[in-house]
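Reading the structure
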Amino acid sequence: MNKPLYQFFTKDHRRIDELLDLATADPGEIQMEYYHRFRAGLLTHIKMEEKILFPAAQKANGGIPVPLAAKLRLDHGAITALMVPPPTPALIKVLRHVLDRHDIAEEEPGGMYDICEALTTNQTDELLEQLAHVSEVPVHPHHPAAFALEAAKRALTRAGYDYDTIAQ
């Protein structure tokens, strides 16, 4: 089966994963240039899903949200909140954990990408065109205050994750 939307988004997952791998290749030091590119790429990817893919699937589904979208939106909120504090080894560990599970929910057979692909079959070219023209999300400097990490922990809790347990 031809799955151009699936291929577009999974290819972008691999690109983003590669940037995080480059940023963390040296266990003793995070390469901030790569981490900045990772953050911008990840936030732009989330923007593409939230502003184009999920709404198109909902519209094609008669205005009814795809059930999996609610969980993925909670994940997006948690992932976005993790982009605010400066990266630490614990934060990176948590981020990888959440991204791994999130990507599976999108990529697995019958997952969000398969559902969206099936619902929007007659709009694939239009959606790919829109996705090609999404502007990169501007990334602000990290916020080192303790409340930034605490806010991220609360967002993770809402999404069903426990920062402290995962970070151990």
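Residues numbered from 1 in each chain as written. Predicted model: local features only at pLDDT ≥ 70, side-chain atom pairs only at ≥ 80, totals over all residues. Heavy atoms only, no water.

1. Some thoughts on the packing of aromatic side chains
Overall, the coordinates contain four aromatic pairs when judged by the stated rule. Centroid distance Tyr35 to Phe38: 5.5 Å. Interplanar angle 40°. Geometry classified as tilted. Placement of both Tyr35 and Phe38 in helix H2 (residues 32–60) is noted, with a separation of three residues, approximately one turn of the helix. The class for Phe38 is buried, based on a relative accessible area of 0%. Here a set of aromatic residues connected by ring pairs shows up, and it is made of Tyr6, Phe8, Phe9 and Tyr113. For the cation-ring pair, Lys3 lies above Tyr6, with the distance from its terminal atom to the ring centre recorded as 5.5 Å. (Phe/Tyr/Trp six-rings, centres within 6.5 Å; stacked < 30°, edge-to-face > 60°. Helix = DSSP H or I, 4+ residues; strand = E, 2+ residues; numbered from the N terminus. Buried < 20%, exposed > 50% of the residue type's maximum accessible area, 1.4 Å probe, protein only. Lys NZ or Arg CZ within 6 Å of the ring centre and 35° of its normal.)

2. Let's talk about empty space enclosed by the protein
A probe as big as a water molecule, rolled over the atoms, marks out the empty space that is left. Counted according to the given criterion, the structure contains one cavity of 30 Å³ or more. Volume-wise, the largest cavity comes out at about 80 Å³. When residues of the lining of the largest cavity are traced back to their parent elements, those giving at least two are helix H1 (4–23), H2, helix H3 (67–82) and helix H4 (89–107). A breakdown of the residues in the lining of the largest cavity according to their chemical character gives five nonpolar, four polar and four charged. (1 Å grid on protein atoms, 1.4 Å probe; cavity = no way out; pocket = protein on both sides within 12 Å on 5 of 7 lines; lining within 4 Å. Points joined across faces, edges and corners; volume = space filled by probe spheres on them. Nonpolar A, V, L, I, M, F, W, Y, C, P; charged D, E, K, R; others polar.)

3. Some details on the nonpolar core
The biggest cluster of nonpolar side chains holds 30 residues, and the ones touching the most others in it are Tyr35, Phe38, Leu42, Leu82, Met83, Leu95 and Leu156. Where this core is concerned, the elements lending two or more residues are H1, H2, H3, H4, helix H7 (146–158) and helix H8 (163–167). Discounting residues that sit within four places of it in the chain, Leu42 has contacts with Ile16, Ile79, Met83 and Leu99. With 17 residues, the next largest nonpolar core counts Ala56, Ala57, Cys116 and Leu131 among its residues. (Core = buried A, V, L, I, M, F, W, Y, C linked by side-chain atoms within 4.5 Å. Contact = heavy atoms within 4.5 Å.)

4. Brief notes about H7
The periodicity of an α-helix, 3.6 residues per turn, causes residues three or four positions apart to be oriented the same way. Helix length check: H7, at 13 residues, gives a terminal C-alpha distance of 19 Å against a target of 18 Å (1.5 Å per residue), a fit within 8%. The elements touched by buried residues of H7 are H3, H4 and H8. Looking one or two residues past H7, Gly160 carries a phi angle of roughly 95°, positive in sign. (Expected span 1.5 Å × (residues − 1).)

5. Overview of H4
Compared with the 27 Å implied by 1.5 Å per residue over 19 residues, the 26 Å span of H4 between its first and last C-alpha is a close match. Considered for burial, the residues of H4 that qualify are Leu91, Ile92, Val94, Leu95, Val98, Leu99, His102, Asp103, Ala105, Glu106 and Glu107.

6. A look at the pattern of salt bridges
One pass over the full model with this rule turns up nine salt bridges. Between Glu107 and Arg14 there is a salt bridge, with the nearest N and O atoms lying 3.0 Å from each other. Of this pair, Glu107 sits in helix H4 while Arg14 sits in helix H1, and the two are 93 residues apart along the sequence. Glu107 sits in the buried class, given a relative accessible area of 15%. Of the residues examined, Arg14 reaches a relative accessible area of 41% and is grouped as partly exposed. For Arg73, the salt bridge is made with Glu50, and the minimal N-O distance between the two is 2.6 Å. Of this pair, Arg73 sits in helix H3 while Glu50 sits in helix H2, and the two are 23 residues apart along the sequence. Residue class for Arg73 comes out partly exposed when judged on its relative accessible area of 31%. The structure contains a network of salt bridges with shared partners spanning Arg14, Asp17 and Glu107. (Salt bridge = Lys/Arg side-chain N within 4 Å of Asp/Glu carboxyl O.)

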